[in-house]
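Each chain, letter by letter, is given below.
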Amino acid sequence: ADLCRRRRDPFSHTLKHTMPGKAEESKDASKVFTLKDVEDHNKEEDVWFVVHGKIYDVSKYIQEHPGGAEIMAENAGKDVSDQFEEFFHSAEARTILKKYEIGVLEGSTEEDYKKLEEAGGGGGDMSGGGIGFYL
């Protein structure tokens, strides 16, 4: 049995191989956005940001964010890679983030994407002295 199935990409007219059950995820995740595209999604009800070259639409998550909606809204439309790593994000938080991935930033590389997997969270202090950005 062929573990991969072929899916026609209507935009490039090429065949793509995807694992069964992954087509929908990979279809959206392969979309390329510019930073300008991301910057246009900067309102509390429409929050996109970049973390290590990947684009996330966290509009539906903002009210659930443990650090509060305000910090998410303040960072909407930006590359928040440094802020994300500055404050501790558990493996679970990184898994949650993946659910909201919608594409990649133009010019980003596999090396950028791997940083999210490799990072173990920053040394940020969550004792309340400052505003943290965490999932």
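Residues numbered from 1 in each chain as written. Predicted model: local features only at pLDDT ≥ 70, side-chain atom pairs only at ≥ 80, totals over all residues. Heavy atoms only, no water.

Visitor: For this particular structure, what's the right way to read the confidence of the model for the protein?
Guide: Any residue range with low pLDDT should be treated as having predicted coordinates unsuitable for detailed reading. When pLDDT is averaged along the protein, the result is 73, and 66% of the positions lie at 70 or above. Contacts for the low-pLDDT stretch residues 1–28, under 50 throughout, to residues beyond four places or in other chains number 33 contacts. Note on residues 121–134: pLDDT under 50 across the span, and 33 contacts to partners over four residues away in sequence or across chains. (pLDDT = per-residue confidence, 0-100. Contact = heavy atoms within 4.5 Å.)

Visitor: I tried to follow the pairing of strand S5 (residues 46–51) on my own but got confused; where do I start?
Guide: For a regular strand, side-chain orientation follows a simple rule: the groups alternate between the two sheet faces. Of all 6 residues making up S5, 5 are buried, and the element is well covered by its neighbours. For strand S4 (residues 42–43) and S5, the ladder comprises 2 bridges, and the chain directions are antiparallel. Residue pairing across strands places Asn 42 opposite Val 47, the latter belonging to S5. As consecutive antiparallel partners, S4 and S5 are separated by 2 residues. (Buried < 20%, exposed > 50% of the residue type's maximum accessible area, 1.4 Å probe, protein only. Helix = DSSP H or I, 4+ residues; strand = E, 2+ residues; numbered from the N terminus. Pairing = 2+ DSSP bridges.)

Visitor: How should I be thinking about the pattern of salt bridges in this particular structure?
Guide: Two side chains of opposite charge can pair, provided their charged atoms sit close to one another. Taken as a whole and judged by the stated rule, the model has 5 salt bridges. Note that Glu 85 is salt-bridged to Arg 94, the shortest N-O span being 2.9 Å. Note on accessibility: Glu 85 and Arg 94 belong to one class, buried. When the shortest N-O distance is used, the salt bridge between Asp 112 and Lys 115 registers 3.9 Å. Of this pair, Asp 112 and Lys 115 are both found in helix H6 (residues 110–118), 3 residues apart, which corresponds to roughly one turn of the helix. (Salt bridge = Lys/Arg side-chain N within 4 Å of Asp/Glu carboxyl O.)

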